[in-house]
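Listed below are the residues making up each chain.
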Amino acid sequence: MLVGRMDEALALAERARTFCREHKERGHEAWTLWLLGDIAAQRHPLVAEPAANYYRQAMALADELGMRPLLAHCHLGLGTLYAKTGQTGPARAELSAAIELYRAMEMTFWLPQAEVALAAVEGR
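Notes on the structure in this doc start here.

**Brief notes about the packing of helix 2 (residues 26-41) against helix 3 (residues 48-65)**
Moving on, step 1. Two elements in contact, helix 2 and helix 3, have axes whose closest approach is 8 Å; the angle formed by their N-to-C orientations is 155°. Classified by the angle between their axes, helix 2 and helix 3 sit roughly antiparallel to one another. Considering only the axes of helix 2 and helix 3, their crossing is left-handed. The segment helix 2 lies against helix 3, with R26, G27, E29, A30, L33, W34, L36, G37, D38, A40 and A41 engaging P50, A51, Y54, Y55, Q57, A58, L61, A62, E64 and L65.
Moving on, step 2. Of the residues belonging to the contact of helix 2 with helix 3, the class tally is 14 nonpolar, three polar and four charged.

**What about the packing of aromatic side chains?**
Moving on, step 1. Inspection of every chain in the model, using the stated rule, returns two aromatic pairs.
Moving on, step 2. Seen from their ring centres, W31 and W34 are 5.5 Å apart, and the 85° between their planes marks the pair as edge-to-face. Of this pair, W31 and W34 both sit in helix 2, three residues apart, roughly one helical turn.
Moving on, step 3. With a centroid separation of 5.3 Å and an interplanar angle of 80°, the aromatic rings of F109 and W110 are classed as edge-to-face.
Moving on, step 4. In this structure F109 comes out as exposed when scored by relative accessible area, which is 67%.

Calculation criteria
Residues numbered from 1 in each chain as written. Predicted model: local features only at pLDDT ≥ 70, side-chain atom pairs only at ≥ 80, totals over all residues. Heavy atoms only, no water. Axes fitted to C-alpha atoms, helices over the stretch in contact; angles between N-to-C directions. Helix = DSSP H or I, 4+ residues; strand = E, 2+ residues; numbered from the N terminus. Parallel < 35°, antiparallel > 145°, perpendicular 65-115°, else oblique. Left-handed = near helix turned anticlockwise from the far one by under 90°. Contact = heavy atoms within 4.5 Å. Nonpolar A, V, L, I, M, F, W, Y, C, P; charged D, E, K, R; others polar. Phe/Tyr/Trp six-rings, centres within 6.5 Å; stacked < 30°, edge-to-face > 60°. Buried < 20%, exposed > 50% of the residue type's maximum accessible area, 1.4 Å probe, protein only.

Listed below in C-alpha cells is the structure:
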C-alpha cells in the first residue's frame with residue numbers, strides 16, 4: 001500500500017482477514033479490517049462507502065475487545081475519509097474522537113496528525 005500497489009495490498013489484506021477468521025484471531029482481524037479501510041480510502045477513484053464500512057467493522061470489533069489504540073486509528077481514518085468526501089460534520093466528530101483517545105492514551109506520535117486534519121476541516 002505504501003508504494004502504491006493497491007491491488008496487491010488489497011489481495012494480501014483480504015487473505016489476512018480470511019486467515020484471521022478461520023483461526024478465530026479476532027484482534028488481528030480488527031487490525032486487518034482497519035487496514036482494508038485504509039486501502040479502500042486510498043484507492044482511485046475513491047469509493048467511500050466500502051472504506052467507511054471497513055472502518056466501522058474494525059471499530060465495532062476494537063471496541064468489543066478493548067483495543068483503544070486501534071479504535072483511535074479507526075476514528076482518524078473515518079474522519080479523514082469524511083473530510084475527503086466533504087462531510088464536515090461527521091469528519092469533525094470522528095477526528096475529535098480520535099484526538100480525545102490519543103490524548104487519553106498519551107499517543108503523542110499520532111495526535112498532531114489528527115489535530116492537523118481537524119484544523120483543515122474547520123478551516124483553520
